[in-house]
Number of protein chains: 2
Amino acid sequence: MTTPSKSERTRVRILDAASRLFAASSFDRVSIRAIAREAGVDSALVHHYFGTKDDLFTEVLSHAATPAELLGKVAARPADDWGAELLRTGLRLLESPAGPALRAMLRSGISSHPALLRTFVEGQLMSRIGGMLSVPEEERRRRAVLVGSQFVGLFVARYVVRIEPLASMAPEEIVTAIGPTIQRYLTGDISGG
Amino acid sequence: MTTPSKSERTRVRILDAASRLFAASSFDRVSIRAIAREAGVDSALVHHYFGTKDDLFTEVLSHAATPAELLGKVAARPADDWGAELLRTGLRLLESPAGPALRAMLRSGISSHPALLRTFVEGQLMSRIGGMLSVPEEERRRRAVLVGSQFVGLFVARYVVRIEPLASMAPEEIVTAIGPTIQRYLTGDISGG
């Protein structure tokens, strides 16, 4: 195990500070200056490591969702389990200690910054989910976006609008009910062929 | 055909005015007084017919979505077509001349007034979708909320966040891809039994 370098620790400190502030307030109300103050560094350093506030937001979202690592674990399972495992992983993440911050950011993306959320979903989530599939690029994108649509709907219905009984169903009940949908979008027939 | 009474015409005029204003601006910025002015009536009359602004909002949403009439047409089809037909009906409505107003209101419900949207979804949409099914109440609600979760996700991904390729897929391609999901939530196995 290597000790993280000083610059790596600074990066993580900035990400943590940004994550706390983005989760506690809306995107528009959080300034780079406030993030720098929270992290105990100079604003210039935040720009140096992360670019604009938009860039930092999508970085924090990726960091919170760590999609690469989590999706790698899902991809290592048999293909027939992907639907259930992807859903289980997503629910676990949203209900983990990091969940409230992630939920607040996704919610703020949907309501006030759809373009930022689109960048994150298309650039990070979809390319990684699509990467699990050995099919042509166009079909990959189509399958990934269908998966995304069911995830977004589950997220909004359960955590934002809180429609019952979905808001209080146990994660495993949701996996049983919705897992086959995700599975079909990933590996089933989606073009009526 | 009967001529609508004067009070019925006033009601419709208020609903139309409210629908225009709610679609053009956010819920918070629209006052009962502004709606009354737009409709050319006294504010007291708006309260008399519709109660609070919250009540008026859910009424306008129901009016725009006319779920009773549309769902009646779907329910009249063979049960195996319900998934595709429900989806087709929803997409047609969202892309009709009334679509932009309906989309703006749903979007504002998701981002700023989830409790109002919950009232509408639970009280109007879910009870009517559930009403198509001859199963116990609890299962009806569960099936209806699963349908709702896929609809909400499609709505947010296609019209709000505009994730490609979903944002530009033709309605019939969406019906082919997502229709079987809705069908399974309505009539298929959702409890792994």
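Residues numbered from 1 in each chain as written. Chains lettered and ligands numbered in written order. Predicted model: local features only at pLDDT ≥ 70, side-chain atom pairs only at ≥ 80, totals over all residues. Heavy atoms only, no water.

A. Main features of the overall build of chain A. Along chain A, the regular secondary structure elements total 10 helices and 0 strands. Moving toward the C terminus, one meets the helices and strands of chain A in the order α-α-α-α-α-α-α-α-α-α. Across its three principal axes, chain A shows a C-alpha extent of roughly 55 × 40 × 35 Å. For chain A, buried positions account for 47% of its 193 residues. Nonlocal contacts in chain A, meaning residues at least 24 apart in sequence, comprise 68% of its contacts between residues at least 6 apart. For chain A, the exposed area adds up to about 9,000 Å²; of that, 53% sits on carbon and sulfur atoms. Distance from the positive charge centre (24 side chains) to the negative charge centre (21 side chains) of chain A: 5 Å. (Helix = DSSP H or I, 4+ residues; strand = E, 2+ residues; numbered from the N terminus. Buried < 20%, exposed > 50% of the residue type's maximum accessible area, 1.4 Å probe, protein only. Contact = heavy atoms within 4.5 Å. Areas by Shrake-Rupley, 256 points an atom, 1.4 Å probe, with all protein chains shown as cover. Lys, Arg positive; Asp, Glu negative; His and termini not counted. Charge placed at Lys NZ, Arg CZ, Asp CG, Glu CD.)

B. Region of interest: the layout of surface pockets. Residues and elements named next belong to chain A. Volume-wise, the largest pocket comes out at about 190 Å³. Those elements that place two or more of their residues in the lining of the largest pocket are helix H7 (99–112) and helix H9 (137–160). Its residues placed into classes, the lining of the largest pocket shows 5 nonpolar, 1 polar and 3 charged. (1 Å grid on protein atoms, 1.4 Å probe; cavity = no way out; pocket = protein on both sides within 12 Å on 5 of 7 lines; lining within 4 Å. Points joined across faces, edges and corners; volume = space filled by probe spheres on them. Nonpolar A, V, L, I, M, F, W, Y, C, P; charged D, E, K, R; others polar.)

C. Here's a closer look at the side chain of histidine 113 of chain B. With respect to the helices and strands, the residue histidine 113 of chain B is situated in the loop between helix H7 (99–112) and helix H8 (114–131). When sequence neighbours within four positions are dropped, the list of residues in contact with histidine 113 of chain B reads Phe27, Asp28 and Ser108 of chain B.

D. Expanded view of the interface of chain B and chain A. Across the contact, 39 residues belong to chain B and 39 residues belong to chain A. Both faces considered, chain B and chain A share a buried interface measuring about 3,300 Å² in area, 64% of it formed by carbon and sulfur atoms. The three residues of chain B that bury the most area against chain A are Arg142, Val161 and Ile163 of chain B, which together make up 15% of that side's buried surface. In this structure, the connection of chain B to chain A is made through 2 salt bridges. (Buried area = accessible area lost by both parts, 1.4 Å probe. Salt bridge = Lys/Arg side-chain N within 4 Å of Asp/Glu carboxyl O.)

E. Geometry of the packing of aromatic side chains. All names here are of chain B. As enumerated under the stated definition, the model contains 6 aromatic pairs over all chains in all. Here phenylalanine 22 and phenylalanine 57 contribute two aromatic rings whose centre-to-centre distance is 5.1 Å and whose plane-to-plane angle is 80 degrees, an arrangement assigned as edge-to-face. Placement of phenylalanine 22 in helix H1 (residues 6–24) and of phenylalanine 57 in helix H4 (residues 53–65) is noted, with a sequence separation of 35 residues between them. For the pair phenylalanine 22 and phenylalanine 57, a shared accessibility class is recorded, and that class is buried. Between phenylalanine 155 and tyrosine 159, the ring centres sit 5.7 Å apart and the planes meet at 40 degrees, which makes this aromatic pair tilted. Of this pair, phenylalanine 155 and tyrosine 159 are both found in helix H9 (residues 137–160), 4 residues apart, which corresponds to roughly one turn of the helix. Classification of phenylalanine 155 as buried rests on a relative accessible area of 6%. (Phe/Tyr/Trp six-rings, centres within 6.5 Å; stacked < 30°, edge-to-face > 60°.)

F. Looking closely at helix H6 (residues 82–94) of chain B. Residue and element names in this part refer to chain B. The end-to-end C-alpha distance of H6, which contains 13 residues, comes to 18 Å, matching closely the 18 Å that a straight helix rising 1.5 Å per residue would cover. Extensive coverage of H6 is indicated by the burial of 10 of its 13 residues. Burial in H6 covers these residues: Trp82, Gly83, Glu85, Leu86, Leu87, Thr89, Gly90, Leu91, Leu93 and Leu94. (Expected span 1.5 Å × (residues − 1).)

G. Representation of unusual backbone geometry within the structure. Residues and elements named next belong to chain A. Residue proline 165 follows glutamate 164 across a cis peptide bond; omega there is 5 degrees. Tracing the chain through its elements places proline 165 in the loop between H9 and helix H10 (171–187). For arginine 162, which is not glycine, the phi dihedral falls at a positive 55 degrees. Within the secondary structure, arginine 162 is located in the loop between H9 and H10.

H. Inspection of the nonpolar core at higher detail. Residues Phe22, Leu56 and Val156 of chain A together with Phe22, Leu56 and Val156 of chain B are the most contacted members of the largest nonpolar core, which totals 125 residues. Dropping the residues within four chain positions of it, leucine 56 of chain B is found in contact with Leu15, Ala18, Phe22, Ile32, Ile35, Val46 and Phe50 of chain B. (Core = buried A, V, L, I, M, F, W, Y, C linked by side-chain atoms within 4.5 Å.)

I. Fine view of the pattern of salt bridges. Across all of its chains, the model carries 22 salt bridges over all chains by this definition. The residue arginine 143 of chain A makes a salt bridge to glutamate 139 of chain A at a minimum N-O spacing of 2.8 Å. Highlighted residues: arginine 143 of chain A and glutamate 139 of chain A, both in helix H9, separated by 4 residues, approximately one helical turn. A relative accessible area of 28% means that glutamate 139 of chain A is categorised as partly exposed. Linking glutamate 8 of chain B and arginine 11 of chain B is a salt bridge whose minimum nitrogen-to-oxygen distance equals 4.0 Å. Highlighted residues: glutamate 8 of chain B and arginine 11 of chain B, both in helix H1, separated by 3 residues, approximately one helical turn. The class for arginine 11 of chain B is partly exposed, based on a relative accessible area of 24%. Through salt bridges with shared partners, one network takes in Arg77, Asp81, Glu85, Arg88 and Glu172 of chain A.

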